[in-house]
Amino acid sequence: MKRILSIIGCIVVLAASSCTKKYITPNPNQTILLNVKSTDWTSTDGGKTYSAIIDAPEIDSYFNDHGGVLVYFSFTDGVYEQVPEVYQGISYSYTHNKGSLALYAQASDGATVINRPDDAVVKLLLIESN
């Protein structure tokens, strides 16, 4: 009888300890893929720095202050590199504000004239934060 009660007790303990609650909440993050053409890049300093301004209405005032923005470039199909990044001697960076994303490219030494960046896919990842 003791053995049966012990076995039943073990089963109850194992069953109770294996239960877990899972709270599933919707993922509010957004991933946006954008095509940036070489002609979208402009320079105002003779080719030392290029910039491309992208409309991003998803970045409203609240998100600009409280959300997170990550940017990735792909110059090769399916290969993404997170910005800031130095790729083939060119340093890429970005800033964002309400309604737009500004991309920048310049030589890694900051002084050399560079060619206009090639066509690229930009992955914009918007991360909600409360």
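Since we're looking at a predicted model, the values are computed, not measured.

Enquirer: Hey, could you run me through the sheet that holds strand 7 (residues 100–107) in this one?
Expert: As a general point, the strands of a sheet are linked pairwise by backbone hydrogen bonds and lie either parallel or antiparallel. Read from one edge to the other, the open sheet built from four strands follows the order 2-7-6-5, with strand pairing classed as antiparallel. The open sheet has two edge strands with one neighbour each: strand 2 (49–55) and strand 5 (85–87). Sheet twist, expressed as the mean angle between neighbouring strand axes with direction ignored, is 25 degrees. Bridge count for strand 6 (residues 90–97) against strand 7 is eight bridges, and the pairing is antiparallel.

Enquirer: What is the right way to read the sheet that holds strand 3 (residues 68–76) from this model?
Expert: The four strands lie next to each other as 1-8-3-4, forming an open sheet whose pairing is antiparallel. Of all strands in the sheet, those bounded by a partner on one side alone are strand 1 (30–36) and strand 4 (79–83). With direction set aside, neighbouring strand axes in the sheet form an average angle of 30 degrees. Here seven bridges tie strand 3 to strand 8 (residues 120–127), and the two strands are oriented antiparallel to one another. Across the sheet, residue valine 71 finds its bridge partner in strand 8, namely leucine 124.

Enquirer: What is the right way to look at the side chain of serine 100 in this model?
Expert: Here serine 100 shows up in strand 7. Look at serine 100 and you get buried, because its relative accessible area is 17%. Side chain to side chain, serine 100 and asparagine 97 meet in a polar contact 2.6 Å long. Leave out the neighbours within four places in its chain, and serine 100 touches Ile53, Ile54, Ala56 and Ile59.

The rules we used
- Residues numbered from 1 in each chain as written.
- Predicted model: local features only at pLDDT ≥ 70, side-chain atom pairs only at ≥ 80, totals over all residues.
- Heavy atoms only, no water.
- Pairing = 2+ DSSP bridges.
- Helix = DSSP H or I, 4+ residues; strand = E, 2+ residues; numbered from the N terminus.
- Axes fitted to C-alpha atoms, helices over the stretch in contact; angles between N-to-C directions.
- Buried < 20%, exposed > 50% of the residue type's maximum accessible area, 1.4 Å probe, protein only.
- Polar contact = N/O pair within 3.5 Å; in protein donor to acceptor, adjacent residues only side chain to side chain.
- Contact = heavy atoms within 4.5 Å.

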